[in-house]
Amino acid sequence: IPVDSAGVYEPKGNVGTCAAQGFFIQANIASPIYNFMLSVQFLLRVKYGWSEKRIGQRAEPIMHLVTIAFGVGTSFLCLGLELFNDSTLWCWVNASPKGC
């Protein structure tokens with residue numbers, strides 16, 4: 001969190017470290033999306049009887065593409081729009097200056 005942040009105990013960073021932290025927190029949004037994709041894979045396998053080969057050839061590439069593209073894409077988008085700011089506990093998507 002940037003040094004000049006009010007109401008934060010021992011802030012040590014700057015705008016760059018805040019943006020980096022926000023980037024990686026946002027990229028981690030891919031984790032719950034992967035959990036959802038795993039549920040979709042089980043649905044295809046159990047309910048619809050898709051073989052592992054069919055899932056691997058048809059669904060899995062799309063699942064990886066969607067998950068990674070969303071996580072990394074939104075991270076770069078927020079970075080480009082300068083949306084990563086002090087969110088009190090960590091740096092993530094927040095208004096700057098705080099409270100706007």
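Scroll up to find the structure.
Let us look at the structure shown here. (Residues numbered from 1 in each chain as written. Predicted model: local features only at pLDDT ≥ 70, side-chain atom pairs only at ≥ 80, totals over all residues. Heavy atoms only, no water.)

1. Quick look at the overall build of the chain
1) Next: Looking only at helices and strands, the chain has three helices and two strands in total.
2) Next: Reading the secondary structure of the chain in the N-to-C direction produces α-α-α-β-β.
3) Next: Overall, the chain is about 55 × 25 × 25 Å in size when its C-alpha atoms are taken along their principal axes.
4) Next: Considering the chain as a whole, with its 100 residues, one finds that 28% of them fall into the buried category.
5) Next: Taking all contacts inside the chain whose residues are at least 6 apart in sequence as the whole, residues at least 24 apart take part in 52%.
6) Next: Surface summary for the chain: the accessible area is close to 6900 Å², and the carbon and sulfur share equals 66%.
7) Next: In the chain, 7 side chains carry a positive charge and 6 a negative one; their mean positions are 21 Å apart. (Helix = DSSP H or I, 4+ residues; strand = E, 2+ residues; numbered from the N terminus. Buried < 20%, exposed > 50% of the residue type's maximum accessible area, 1.4 Å probe, protein only. Contact = heavy atoms within 4.5 Å. Areas by Shrake-Rupley, 256 points an atom, 1.4 Å probe, with all protein chains shown as cover. Lys, Arg positive; Asp, Glu negative; His and termini not counted. Charge placed at Lys NZ, Arg CZ, Asp CG, Glu CD.)

2. Examining unusual backbone geometry
1) Next: In the Ramachandran plot, E82 falls in the positive-phi region, its phi being about 55° despite a non-glycine side chain.
2) Next: Among the secondary structure elements, E82 is positioned in the loop between α3 (52-80) and β1 (84-86).
3) Next: Taking the relative accessible area as the measure of exposure, E82 reaches 65% and is therefore exposed.

3. Some words on the packing of helix α1 (residues 15-27) against α3
1) Next: Remark: α1 packs on α3, axes separated minimally by 8 Å, with the N-to-C direction vectors making an angle of 155°. By the criterion of interaxial angle, the relationship of α1 to α3 is roughly antiparallel. Relative to α3, the crossing made by α1 is right-handed. Contacts between α1 and α3 pair A19, F23, Q26 and A27 from the former with G71, T74, S75, F76 and L79 from the latter.
2) Next: Split by residue class, the contact of α1 with α3 holds five nonpolar, four polar and no charged. (Axes fitted to C-alpha atoms, helices over the stretch in contact; angles between N-to-C directions. Parallel < 35°, antiparallel > 145°, perpendicular 65-115°, else oblique. Left-handed = near helix turned anticlockwise from the far one by under 90°. Nonpolar A, V, L, I, M, F, W, Y, C, P; charged D, E, K, R; others polar.)

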